[in-house]
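# A structural walkthrough
Letter by letter, the chains look like this.
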Amino acid sequence: MDEPVAHEPAGSLAETPRPGMREHGRYAAIEFLTWLPTGLMLAPMVLLMSARGLDIAEVGMVGAAYSVTIVVLELPTGGLADVLGRRPVLAASAVVSVAGLVVMALAHSVWPFLVASVLKGAARALSSGPAQAWYVDTLHARYGPAADLKPGLAAGNVAGSAALALGTLAGGLLPLAVRRDPLAAPVWAGAGAALVLLVAVLVLMREPVRARRGPGRAAARLAEVVRDVPVTIVAGIRLGLADRVLGRLLLLAAGAGVMLNGIEMLTPGRLAALTGEAETGGAAYAFVTFAGFAANAVGSSLAPPVARLLRGSVRAAASATVVTAAAVAALAASTALRGAAGVVATAAIYVLLFTALAVASLLRSELLHQRVAADRRATVMSVDSLQLQFGGTLSSLCLVPLSGVAGVGPVWALIAVVVLASALLYVRLPVGPTPRHPQ
């Protein structure tokens, strides 16, 4: 979903209403609680499935189920928040998240894990956008359309990143303190955090009064949203085919999905092998991932000066993509290391990888927005999100099972080649707005 932007009127800054901190705090709290369950389950997820008897191909299939669910539900659930309201949709996300995490904690075979993955994907799709839309609605209702959205949106982004970082760290360390079924403990903690989110949504999210729709109109609107899903996907594909520059930028998202999923699915097992136990491997992965999240924040702040230094966003994004590919190649080479040296090398490579990836991602987003007209922005952003999930699905179904045959190192080397090849999409990439296409 697009990030709504308030258009400030001409005049002095004193003329622009300045919203109070209460809305910022509520939105930040909801964003923190929305991402906390994900952070808590991230470190032990793959290790728990392996400990419960799933082989690497089945783990990949479970990961693919998550991505496919998001792909299927991303667009209709976005419209659902406009039909039913922001609060009920986010509350439903919390309920589904609790169900998915409970099923995951109790699962001991591939089918329950698949069910849990589908439920978690549905919860993720439901939570995509309603909190931010609620915040913007609230500020506009209370302070008018000229209210400055940037401080609250920034606070929400910081809160979400903090929840992922702290949740991953806690989820990795918790199994060390629990004796009975230690790898499931962070998953149970995630379910508890999702329950807290449900309470917070019901208490904190007071929606502004909007024009009420009758049941018939709401049902008609929902049916319209569902019908628009294939239309939106086809429209995005047509835009990508009609505008080769836009198509190349969208294809980069698929490459990023392949890389991110391949790293996230295979690193926990690699670290468990280095440390000798699943629990210690989960703790090591928590620290490594924490370093990656921190590096991602640093990389985002470095993107503007890097673009100035390299005299353009295209050149800077291409260079950052090459550095990302080199970092993935270094990750593949690090599989020759053993013990603590392998863990330290993985952490150092994660810092480089996610710093470079953040620079490339931010600049690619800038180029994408420059290329898309306002009336097509929502369509392209939806297709861009779907491209990332398509890449993750491809990685789960093909590369993750391949690691069980060829090993982790060769698969990461192959991913490095994919990322390096994607950097070629920046070669001679025109900069500027898209030319007008015939309808």
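What comes next is a walk through the structure. (Residues numbered from 1 in each chain as written. Predicted model: local features only at pLDDT ≥ 70, side-chain atom pairs only at ≥ 80, totals over all residues. Heavy atoms only, no water.)

## Concerning the overall build of the chain
A tally of helices and strands in the chain yields 15 helices and zero strands. When the 439 residues of the chain are sorted by exposure, 50% land in the buried category. A separation threshold of at least 6 residues defines the contact pool for the chain, and within that pool the share at least 24 residues apart is 86%. Summing over all exposed atoms, the chain offers an accessible surface of approximately 19700 Å²; the carbon and sulfur share of this is 67%. (Helix = DSSP H or I, 4+ residues; strand = E, 2+ residues; numbered from the N terminus. Buried < 20%, exposed > 50% of the residue type's maximum accessible area, 1.4 Å probe, protein only. Contact = heavy atoms within 4.5 Å. Areas by Shrake-Rupley, 256 points an atom, 1.4 Å probe, with all protein chains shown as cover.)

## Observations regarding the packing of aromatic side chains
Tallying each qualifying case throughout the model produces one aromatic pair. Both rings, one in Y350 and one in F354, keep their centres 5.3 Å apart while their planes meet at 50°; by these two values the pair is tilted. Of this pair, Y350 and F354 both sit in helix α13 (residues 339–371), four residues apart, which is roughly one turn of that helix. Neither residue differs from the other here; Y350 and F354 are each classed as buried. (Phe/Tyr/Trp six-rings, centres within 6.5 Å; stacked < 30°, edge-to-face > 60°.)

## As for unusual backbone geometry
Phi is positive for D181, close to 50°, though the residue is something other than glycine. Topologically, D181 is positioned in the loop between α7 (150–177) and α8 (185–204). By relative accessible area, which is 37% here, D181 ends up partly exposed. A positive phi angle, close to 60°, is found at R311, a residue other than glycine. By the element assignment, R311 lies in the loop between α11 (278–309) and α12 (313–333).

## Details of the nonpolar core
Residues M104, F113, M259, I263 and I415 are the most contacted members of the largest nonpolar core, which totals 56 residues. What F113 contacts, discounting residues up to four positions off in sequence, is L48, M49, R52, L54, V62, M104, A107 and H108. By size, the runner-up hydrophobic cluster in this structure holds 22 residues, among which are L246, A317, A318 and A360. (Core = buried A, V, L, I, M, F, W, Y, C linked by side-chain atoms within 4.5 Å.)

## Some words on the packing of helix α10 (residues 244–275) against α13
α13 packs onto α10 with a crossing angle of 165° between their chain directions and a minimal axis gap of 11 Å. Viewed along their axes, α10 and α13 adopt a mutual orientation that is roughly antiparallel. The two elements α10 and α13 cross, and the hand of that crossing is left-handed. By residue class, the composition of the contact of α10 with α13 is 18 nonpolar, five polar and three charged. (Axes fitted to C-alpha atoms, helices over the stretch in contact; angles between N-to-C directions. Parallel < 35°, antiparallel > 145°, perpendicular 65-115°, else oblique. Left-handed = near helix turned anticlockwise from the far one by under 90°. Nonpolar A, V, L, I, M, F, W, Y, C, P; charged D, E, K, R; others polar.)

## Quick word on helix α5 (residues 110–126)
Here α5 contains 17 residues, and its C-alpha end-to-end distance of 24 Å stays within 8% of the 24 Å for a straight helix at 1.5 Å per residue. Those residues of α5 that sit buried are V110, F113, L114, A116, S117, K120, G121, A122, A123, A125 and L126. (Expected span 1.5 Å × (residues − 1).)

## Brief notes about empty space enclosed by the protein
Inspection of the entire model under this criterion finds three cavities of 30 Å³ or more. Looking at the largest cavity, its volume works out to about 210 Å³. Elements represented by at least two residues in the lining of the largest cavity include exactly α1 (21–42), α4 (86–106) and α5. Looking at which element gives the most residues to the lining of the largest cavity, the answer is α1, with five residues. Per-class residue counts for the lining of the largest cavity are eight nonpolar, five polar and two charged. (1 Å grid on protein atoms, 1.4 Å probe; cavity = no way out; pocket = protein on both sides within 12 Å on 5 of 7 lines; lining within 4 Å. Points joined across faces, edges and corners; volume = space filled by probe spheres on them.)

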